[in-house]
Amino acid sequence: MKRIGLGLLAGIAMIGMAGAAEAKWLRADTDSFIIYSESNEKSLREFAQNLQRFDTTLRLLFKVETPGEESKLPIYLVAAAPDVAELATGSRSASIAGFYRQDRDGSFAMSFRQNGGSSVTGTSASQQVLFHEYSHHFMKRHLRAAFPSWLIEGFAEYYSTVDFDKQGRAMIGRPVYRRAYGLLQMPKIPAERLLFEQPGAMRNSGQMDVYYGRAWVLTHMLHHSAARGDQINAYTNAINAGTDPKKAATDAFGDLAGLDKDLNRYIEGKLSYRTLRDPIPISANIRIAPLSADEDAVILPRLERLNARGDAARLTKARDALRKLAAAQPANADLQFELAAAEWDIDRDKRDLAAMQAALGKVLAAKPDHVRANVLLGRLKLYQLREKGEENAAAWREARRPIQLANRTDPDDAVPLYAFFDSFLAEGKRPSDMAIKALERAFVLTPENIEMRVSYAFALANQGEFDPALRLARSVAFDPHDNGRGEAMLARLEAMKARRAGAGKEAVAGDADDD
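Residues numbered from 1 in each chain as written. Predicted model: local features only at pLDDT ≥ 70, side-chain atom pairs only at ≥ 80, totals over all residues. Heavy atoms only, no water.

## Here we look at the overall build of the protein chain
From N to C terminus, the protein chain includes 21 helices and 10 strands. Taken over C-alpha atoms, the radius of gyration comes to 25 Å for the protein chain, in line with the 24 Å a tight globule of 515 residues would show. Taken along the three principal axes of its C-alpha coordinates, the protein chain extends 80 × 70 × 45 Å. Put simply, the protein chain has 515 residues, and 52% of those count as buried. Taken as a whole, the protein chain presents about 23700 Å² of accessible surface, with 51% of it coming from carbon and sulfur. Mean positive and mean negative side-chain charge positions of the protein chain (70 and 68 charges, respectively) differ by 3 Å. (Helix = DSSP H or I, 4+ residues; strand = E, 2+ residues; numbered from the N terminus. Rg over C-alpha atoms; globule rule 2.2 N^0.38 Å. Buried < 20%, exposed > 50% of the residue type's maximum accessible area, 1.4 Å probe, protein only. Areas by Shrake-Rupley, 256 points an atom, 1.4 Å probe, with all protein chains shown as cover. Lys, Arg positive; Asp, Glu negative; His and termini not counted. Charge placed at Lys NZ, Arg CZ, Asp CG, Glu CD.)

What follows is the structure, given as structure tokens:
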């Protein structure tokens, strides 16, 4: 066990970034990732090796037996942190250097490549950002439990600084230097507030930085302090058993004022880190190839479309830009798909469904088995049937055919599976057994997807399997990224369970009366 002092770290500055040179996009495929970058092959390979090594470390620590993923996480590396910020928010001045997003069309992460001349040793700034974001993905995918917001963020910060020594052994629990100023110079957030408030309740970016820093240090203390023993497991086990979060915290940690004092003392001390006994191997299964000219042309427009969702004005601009690009390159099937997807993403009253259908026609004429284009065509057909109030079951079956083709083309893509399940809801029908099986498979492939998790929880509840449904609901309710859906979902499921239990009691009472 080694120790590092935080010392006088408050003066460490943000890392300067250099401008990007013109380059072609490369794609690296590993056991767990698909990485897109404009860097040269050597630097991309080193980045991919280190990221896959980090994934292997997490799998070893959490006893995940599979060496990789059926459904790999796409990662996009742009030149510098301001480029990430611009894609995330539309502004280069936003304080965002990386992010992880997931929706019904899949998950992806973004980070940056350049690191400038940092005086801090260890994992680079860009790798730390990406390790943080990937830790979120790993937790959601492989740790099937409910975790409170502070621990979700503390977990990601704690593992963001994993580094490897000269022997290839993972060093875990090293300081998160970028949190030093907030921890040492900003007003403290009491442990009780940290435990029970969402990060979104913080009033400004300074408070948010303190929240992340104290979440990291509390996670670190609970993993490394002998006096705190197995408290973290007792706490999370109680939460997942349905214990009130405040009772779970006081039962596990004791007096919360005392926890706060211990946390403050811990920050002022030296932080220990541990080194795994055996080296983590470097994967030899990394394939790098340049994108085709058509694929290269679509990367940045795709990222703008994906990140503009929820911003009507920005999405309209992205759609209009795609219209121009698609008109200039009518034979580029990838651009035509992005145009169709942008038309679909936009507000209903501004959609041009004829243009969308024409663009999909061009995609499928060039690539009849294009998975996402077939899913989108199916969704369009289903939408049109619903809008006209179609009741002919044969018409609905026909509308599902492109989605079924997409599933046959790529059985390990969760999007067609979920779209097939969702098609029955669009029709206003109870999903078939096959549709429930499709939803189950989609959930197995992408359990991190909150929308699929919600749908699967209700599907389980409708089958009377309330305990696993409620466990899933709790995992959503605590998630700081769920926009408040989880608590309402949990209440609905508990009401369903109560109604079902009441109906059962009434039936038993009725049987007794009949006797």
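## Quick look at helix α1 (residues 41-61)
Between its first and last C-alpha, α1 extends 30 Å over 21 residues, near the 30 Å set by a 1.5 Å rise per residue. Put simply, Asn 40 is the residue that caps the front of α1, since its side-chain oxygen is 3.1 Å from the backbone nitrogen of Lys 42. At the C-terminal side of α1, Lys 63 shows a positive phi close to 55°. (Expected span 1.5 Å × (residues − 1). Polar contact = N/O pair within 3.5 Å; in protein donor to acceptor, adjacent residues only side chain to side chain.)

## Focus: the packing of aromatic side chains
Summed over all chains, the structure comprises 19 aromatic pairs. Geometrically, the ring pair formed by Tyr 76 and Phe 108 is edge-to-face, given 6.1 Å between the ring centres and 80° between the ring planes. Of this pair, Tyr 76 sits in strand β4 (residues 73-78) while Phe 108 sits in strand β6 (residues 106-112); the two residues are 32 residues apart in sequence, bridging distant segments of the chain. Like Phe 108, Tyr 76 is buried. For the ring pair Phe 99 and Phe 108, a centre distance of 6.2 Å and an interplane angle of 80° mean the geometry is edge-to-face. Since its relative accessible area comes to 8%, Phe 99 is described here as buried. Connected via pairs of aromatic rings, a cluster forms that spans Phe 33, Phe 54, Phe 62, Phe 131, Tyr 134, Phe 138, Phe 155, Tyr 158 and Tyr 159. Positioned over the ring face of Phe 164 is Arg 53, at 4.8 Å from the centre of the ring. In this structure, Arg 351 is placed above the aromatic ring of Tyr 383, and the distance from its NZ or CZ to the ring centre is 5.3 Å. (Phe/Tyr/Trp six-rings, centres within 6.5 Å; stacked < 30°, edge-to-face > 60°. Lys NZ or Arg CZ within 6 Å of the ring centre and 35° of its normal.)

## Brief notes about the environment of Arg 174
Tracing the chain through its elements places Arg 174 in the loop between β8 (170-172) and α5 (180-185). Sequence spacing of Arg 174 and Tyr 158 is 16 residues, and the spatial spacing of their C-alpha atoms is 7.8 Å. For Arg 174, the side chain forms a polar contact with the side chain of Tyr 273, separated by 3.5 Å.

## As for the pairing of strand β2 (residues 26-29)
By the bridge criterion, four bridges tie β2 to strand β3 (residues 33-37) in an arrangement that is antiparallel. Following the sheet pairing, Arg 27 is matched in β3 by Tyr 36. Pairing of β2 with strand β10 (residues 287-290), which is carried by four bridges, proceeds in the antiparallel orientation. Directly across from Asp 29, in β10, lies its bridge partner Arg 287. (Pairing = 2+ DSSP bridges.)

## Here's the deal with the sheet that holds β10
Spatially, β5-β6-β4-β3-β2-β10 is the arrangement adopted by the six strands of the open sheet, whose pairing is mixed. At either end of the open sheet lies a strand with only one pairing partner, and these are β5 (99-103) and β10. Averaged over all adjacent pairs, the angle separating strand axes in this sheet is 20°, with direction ignored. The strands that helix α2 (residues 81-89) touches are β4, β5 and β6; relative to β6, the one it contacts most, it runs at about 145°. (Axes fitted to C-alpha atoms, helices over the stretch in contact; angles between N-to-C directions. Contact = heavy atoms within 4.5 Å.)

## Observations concerning the packing of helix α15 (residues 371-387) against helix α16 (residues 393-409)
Viewed as axis vectors pointing N to C, α15 and α16 meet at an angle of 165°, and their least axial separation amounts to 8 Å. Relative to α16, the element α15 is oriented roughly antiparallel. As for the relative orientation of α15 and α16, their crossing is left-handed in sense. Between α15 and α16, the residues in contact are Val 371, Asn 374, Val 375, Leu 377, Gly 378, Arg 379, Lys 381, Leu 382, Leu 385 and Arg 386 and Ala 395, Trp 396, Ala 399, Pro 402, Ile 403, Leu 405, Ala 406 and Thr 409, respectively. Its residues placed into classes, the contact of α15 with α16 shows 12 nonpolar, three polar and three charged. (Parallel < 35°, antiparallel > 145°, perpendicular 65-115°, else oblique. Left-handed = near helix turned anticlockwise from the far one by under 90°. Nonpolar A, V, L, I, M, F, W, Y, C, P; charged D, E, K, R; others polar.)

## So, the environment of Leu 218
Within the secondary structure, Leu 218 sits in helix α7 (residues 205-224). Filtering out sequence-adjacent residues up to four positions away, Leu 218 remains in contact with Trp 150, Leu 194, Leu 195, Leu 259 and Leu 263.

## Considerations on the nonpolar core
Grouped together as the largest cluster of nonpolar side chains are 69 residues, with contacts concentrated most on Ile 35, Ile 75, Trp 150, Leu 195, Leu 218, Tyr 235 and Phe 253. Among the elements that make up this core, the one with the highest residue count is α7 (nine residues). Non-local contacts of Ile 35, meaning those with residues more than four positions away in its chain, are made with Leu 26, Arg 27, Ala 28, Thr 30, Leu 44, Ala 48, Leu 51, Ile 75 and Leu 77. Counting residues in each nonpolar core, the second largest holds 44 residues, with Leu 385, Ala 461, Leu 470 and Val 476 among its members. (Core = buried A, V, L, I, M, F, W, Y, C linked by side-chain atoms within 4.5 Å.)

## Re the pattern of salt bridges
Considering all chains together, one arrives at 42 salt bridges under this definition. Note that Arg 27 and Asp 29 form a salt bridge whose closest N and O atoms lie 2.8 Å from each other. What makes Arg 27 partly exposed here is its relative accessible area of 28%. Here the salt bridges share partners, and the residues they tie into one network are Asp 103, Asp 105, Arg 302, Arg 305, Arg 309, Glu 338, Asp 345 and Arg 379. (Salt bridge = Lys/Arg side-chain N within 4 Å of Asp/Glu carboxyl O.)

## Some thoughts on the packing of α1 against helix α3 (residues 125-142)
Two numbers describe how α1 lies on α3: the axes approach to 11 Å, and their chain directions differ by 40°. With respect to each other, α1 and α3 are oriented oblique. The hand of the α1/α3 crossing is right-handed. Along the contact surface, α1 presents Phe 47, Asn 50, Leu 51, Phe 54, Asp 55, Leu 58 and Arg 59, while α3 presents Ser 126, Gln 127, Leu 130, Phe 131, Tyr 134, Ser 135, Phe 138 and His 142.

## Digging into helix α13 (residues 333-345)
Here α13 contains 13 residues, and its C-alpha end-to-end distance of 18 Å stays within 8% of the 18 Å for a straight helix at 1.5 Å per residue. Taken together, the buried positions of α13 are Ala 333, Asp 334, Leu 335, Gln 336, Phe 337, Glu 338, Leu 339, Ala 340, Ala 341, Ala 342, Glu 343 and Trp 344. With a side-chain oxygen positioned 3.0 Å from the backbone nitrogen of Asp 334, the residue opening α13 is Asn 332.

## Regarding the confidence of the model for the protein chain
Looking at the protein chain as a whole, its pLDDT mean stands at 90, while 91% of the residues score no less than 70. A low-confidence stretch, residues 506-515 stays under pLDDT 50, and its non-local contacts, those more than four residues away or across chains, total zero contacts. (pLDDT = per-residue confidence, 0-100.)

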